[in-house]
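# Inside the fold
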Amino acid sequence: MGNDNVLFIMTDQQRADCVGVNDNPYIETPNLDWLAAQGVNFTNAYTPSPSCIPARAALLTGMAPWNTGILGMGAGQGQMGVGFSHTLPGELAKAGYQTQLVGEGHFYPQRSLNGFHNTLLDESDRAEDPQFTSDYKEWFNKHKDGEYDVVDHGINWNSWMARPYHAVEHLHPTNWTVNESIKFLQKRDPSKPFFLMTSFARPHSPYDPPSYYFDMYKDKELPKPYAGAWNDVYGPERKAIEPDAWRGIRSETETQRARAGYYGSITHIDQQIGRLLLYLQKCGQLHNTLIIFTSDHGDMLGDHQLWRKTYAYEGSARVPLIIKPPRELECKQKTVADAVVLQDIMPTILDIVDADIPETVDGLSLRGAIEGDMFPRTYIHGEHSACYAESQEMQYLTDGEYKYVWLPRLHEEQLFHIKEDRGESEDLAKDIAYNDVLVMWRKRMVDLLEKRQLGLTSGDELVSQAGKPPIVSPKYQERLERSSYKWM
């Protein structure tokens, strides 16, 4: 299978439960559902760190956040950056692939290649490098028909507000991302297999799909936010005042509108993915292309009075993962319920295309799971530094049946039976009937964190981090020292 192409499709901030094949009867994702029917749907896929930079670093290196050196965004954490000895596109380039990124990279410096031969970027108006303008924004300004900008509709990049897109549909970044992906396929070197990463900047806010897609959901009954008696763990109930609030309640009308915009953005992406799959089919490349679809993290959408991401809860931490292997690799099962994590994607791709897997990779290949073998991992670990507030720093473990959460700055434990309670409405940590389960998961967390030797554990107990300095991995500084780039 060494000559098979690889199409890696990625969205930003898409919940696992917002794909039709994941038992959501409200959302329309026919192309993703079709893709899942041709491959394997991993129903318990998680991000190791639920925000853009740490998740993408783990995904593109196959390493856990502790080893990338990026444990989240904020609170002493760094950027995706350069200095990684091995990346997914870099290893595929070594194996003879032509590698291309179209869409969101979230690298720093923003024009760093990280192993890609070429990138065409949509950076959601981020301009962190001097004089940087994304390829999408240059194209948008060239083709717009008036004096307006990419977000002149007035909704910011982390807002809970929603409305239809303010410009004509063909100017939307979702369309641009697929247009440029198809152009690459048309102009690529036909003597080499390709690795194309098509990376959408949506459904991350602003929730601004074109009117057609917004209208599909604006008057439709959509799922209400999940709630539980533990919702006040982050403080007393309050209204979300700021347009980019990380917690708080908005009215039912506003919450419905946010979900309509979010669902509409996903259906818009799905139809554009359909264009990409149809192009591969027309040029005879669909069956010999390994196709992977996932997201970097989810979106709380008001669940438990929380918005945005960085949390251990299902809306934020669980992501869709669909793998359609090339024709030669037989799928022995259509769904896999084992807990898997984003750093498993790099070794999976390298394994399927018969490329070498670097020793730096922490993830496990999912090829065996696709072929029906027993998956060797018992549970996965995720974490995120303090970002919006110290209270939401977290560590979590899950096996797809239970989830254990530790909030170090609050020194609070939570336990959810997610196989029966996907909405995590009932916290079982203080239920005496689950004490043995809680102790088992706590021991697993202690065993994992004591290796860091940062005062996170003492004997069999976890140690409160209230008032202590941020947790920082030494791996980040090591990577900076390896890099020839002069960091600003």
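## A closer look at the overall build of the protein chain
When helices and strands are tallied, the protein chain shows 13 helices and 17 strands. Partitioning the intrachain contacts of the protein chain with sequence separation of at least 6 by distance along the chain shows that 70% fall at a separation of at least 24. When the accessible surface of the protein chain is split by element, carbon and sulfur atoms take 48% of a total near 18700 Å². Between the centroid of the 49 positive side chains of the protein chain and the centroid of its 68 negative side chains there is a distance of 3 Å.

## A look at the packing of aromatic side chains
Within a pair of aromatic rings, the relevant descriptors are the distance that separates the centres and the angle that separates the planes. The final tally for this structure, using the stated rule, is 20 aromatic pairs. The interplanar angle of 55° and the centroid separation of 6.2 Å between the aromatic rings of Y46 and Y396 together place this pair among those described as tilted. Of this pair, Y46 sits in strand 3 (residues 45-46) while Y396 sits in strand 13 (residues 394-398), and the two are 350 residues apart along the sequence. Given the relative accessible area of 0%, Y396 is considered buried. Pairing F116 with F195 gives two aromatic rings, centres 6.0 Å apart and planes at 15°, and the pair type is stacked. In this pair, F116 sits in the loop between strand 4 (98-103) and strand 5 (118-121) while F195 sits in strand 6 (residues 194-203), placing the two residues 79 residues apart along the sequence. Ring-pair connections join several aromatic residues into one group, and the members of that group are W230, Y234, W246, Y311, Y313, Y388 and F416.

## A word on the sheet that holds strand 6
Read from one edge of the open sheet, eight strands run 5-4-6-1-7-9-2-10, paired in mixed fashion. The open sheet has two edge strands with one neighbour each: strand 5 and strand 10 (335-336). As defined by bridge partners, strand 4 adjoins strand 5 across four bridges and the pair is classed as parallel. Paired with L101 across the bridge in strand 5 is T119. Contacts from helix 1 (residues 30-38) reach strand 2 (40-42), strand 7 (289-295) and strand 9 (321-324) within the one sheet, and its direction differs from that of strand 9 by about 55°. Running over the sheet, helix 2 (residues 52-61) touches strand 1 (5-12), strand 6 and strand 7 and is turned about 165° from strand 1.

## Examining the nonpolar core
F42, F195 and L321 are the most contacted members of the largest nonpolar core, which totals 48 residues. Apart from the residues lying within four places of it in its own chain, the contact partners of F42 are L321, I323, V336, V340, L366, A369 and I370. Counting residues in each nonpolar core, the second largest holds 34 residues, with V150, I182, F194 and F200 among its members.

## Considerations on the packing of helix 1 against helix 8 (residues 252-282)
How two helices pack is summed up by the angle between their axes together with the distance between the axes. One way to put it is that helix 1 packs onto helix 8 with a least axis distance of 7 Å and a crossing angle of 50°. In terms of orientation, helix 1 and helix 8 fall into the oblique class. Contacts from P30, N31, L32, W34 and L35 in helix 1 reach D270, Q271, I273, G274, L277 and Q281 in helix 8. Across the contact of helix 1 with helix 8, the residue classes tally to six nonpolar, four polar and one charged.

## Overview of the side chain of H153
Within the secondary structure, H153 is located in the loop between helix 5 (135-143) and helix 6 (173-187). In this structure the side chain of H153 is engaged in a polar contact, spanning 2.9 Å, whose partner is the side chain of D208. What H153 contacts, discounting residues up to four positions off in sequence, is R163, H166, P206 and D208.

## Observations concerning the sheet that holds strand 11 (residues 340-341)
Read from one edge of the open sheet, three strands run 8-3-11, paired in mixed fashion. Looking at the sheet topology across the chains shown, the edges are occupied by strand 8 (318-319) and strand 11. Sheet analysis places strand 3 next to strand 8, joined by two bridges and oriented antiparallel. Opposite Y46, over in strand 8, you have R318 as the bridge partner.

## Regarding the pattern of salt bridges
Per the stated rule, a full pass over the model turns up 29 salt bridges. When the shortest N-O distance is used, the salt bridge between R15 and D17 registers 2.9 Å. According to the relative accessible area criterion, R15 is buried, its value standing at 4%. Its salt-bridge partner being E180, residue K183 comes within 3.3 Å of it at the nearest N-O pair. Linking K183 with E180, this pair stays in helix 6, spanning three residues, or about one helical turn. The structure contains a network of salt bridges with shared partners spanning D12, R56, E104, E123, R126 and D296.

## Observations concerning helix 1
By the burial criterion, the buried members of helix 1 are N31, L32, L35 and A36. Down the axis of helix 1, the buried set is contained in an arc of 140°. They therefore lie on one face. At its buried positions, helix 1 is contacted by strand 2, helix 8, strand 7 and strand 9.

## What to know about the pairing of strand 12 (residues 380-384)
Side-chain direction in a regular strand flips from residue to residue, so the side chains alternate between the two faces of the sheet. The buried fraction of strand 12 amounts to five of the five residues, a majority that puts the element mostly inside the structure. Going residue by residue along strand 12, you find I380, G382 and H384 tucked away on one face and H381 and E383 tucked away on the opposite face as well. Pairing geometry for strand 12 and strand 13, over five bridges, is antiparallel. Across the sheet, the residue bridging to H384 is M394, located in strand 13.

## Re helix 6
The end-to-end C-alpha distance of helix 6, which contains 15 residues, comes to 21 Å, matching closely the 21 Å that a straight helix rising 1.5 Å per residue would cover. Where helix 6 is concerned, the buried positions are P173, T174, N175, W176, T177, V178, E180, S181, I182, F184 and L185. Looking at the packing, one finds that the buried side of helix 6 touches strand 4, strand 5, helix 5, strand 6 and helix 8.

## A short note on the packing of helix 6 against helix 8
At their nearest, the axes of helix 6 and helix 8 sit 9 Å apart, and the two run at 10° to each other. Compared by their axis directions, helix 6 and helix 8 come out roughly parallel. Within the contact between the two elements, helix 6 uses T174, N175, V178, N179, S181, I182, L185 and Q186 and helix 8 uses H268, I269, Q272, I273, R275, L276, Y279 and L280. Taken together, the residues that form the contact of helix 6 with helix 8 break down as eight nonpolar, seven polar and one charged.

Reading the values: the criteria
- Residues numbered from 1 in each chain as written.
- Predicted model: local features only at pLDDT ≥ 70, side-chain atom pairs only at ≥ 80, totals over all residues.
- Heavy atoms only, no water.
- Helix = DSSP H or I, 4+ residues; strand = E, 2+ residues; numbered from the N terminus.
- Contact = heavy atoms within 4.5 Å.
- Areas by Shrake-Rupley, 256 points an atom, 1.4 Å probe, with all protein chains shown as cover.
- Lys, Arg positive; Asp, Glu negative; His and termini not counted.
- Charge placed at Lys NZ, Arg CZ, Asp CG, Glu CD.
- Phe/Tyr/Trp six-rings, centres within 6.5 Å; stacked < 30°, edge-to-face > 60°.
- Buried < 20%, exposed > 50% of the residue type's maximum accessible area, 1.4 Å probe, protein only.
- Pairing = 2+ DSSP bridges.
- Axes fitted to C-alpha atoms, helices over the stretch in contact; angles between N-to-C directions.
- Core = buried A, V, L, I, M, F, W, Y, C linked by side-chain atoms within 4.5 Å.
- Parallel < 35°, antiparallel > 145°, perpendicular 65-115°, else oblique.
- Nonpolar A, V, L, I, M, F, W, Y, C, P; charged D, E, K, R; others polar.
- Polar contact = N/O pair within 3.5 Å; in protein donor to acceptor, adjacent residues only side chain to side chain.
- Salt bridge = Lys/Arg side-chain N within 4 Å of Asp/Glu carboxyl O.
- Arc of directions from axis to C-beta.
- Expected span 1.5 Å × (residues − 1).

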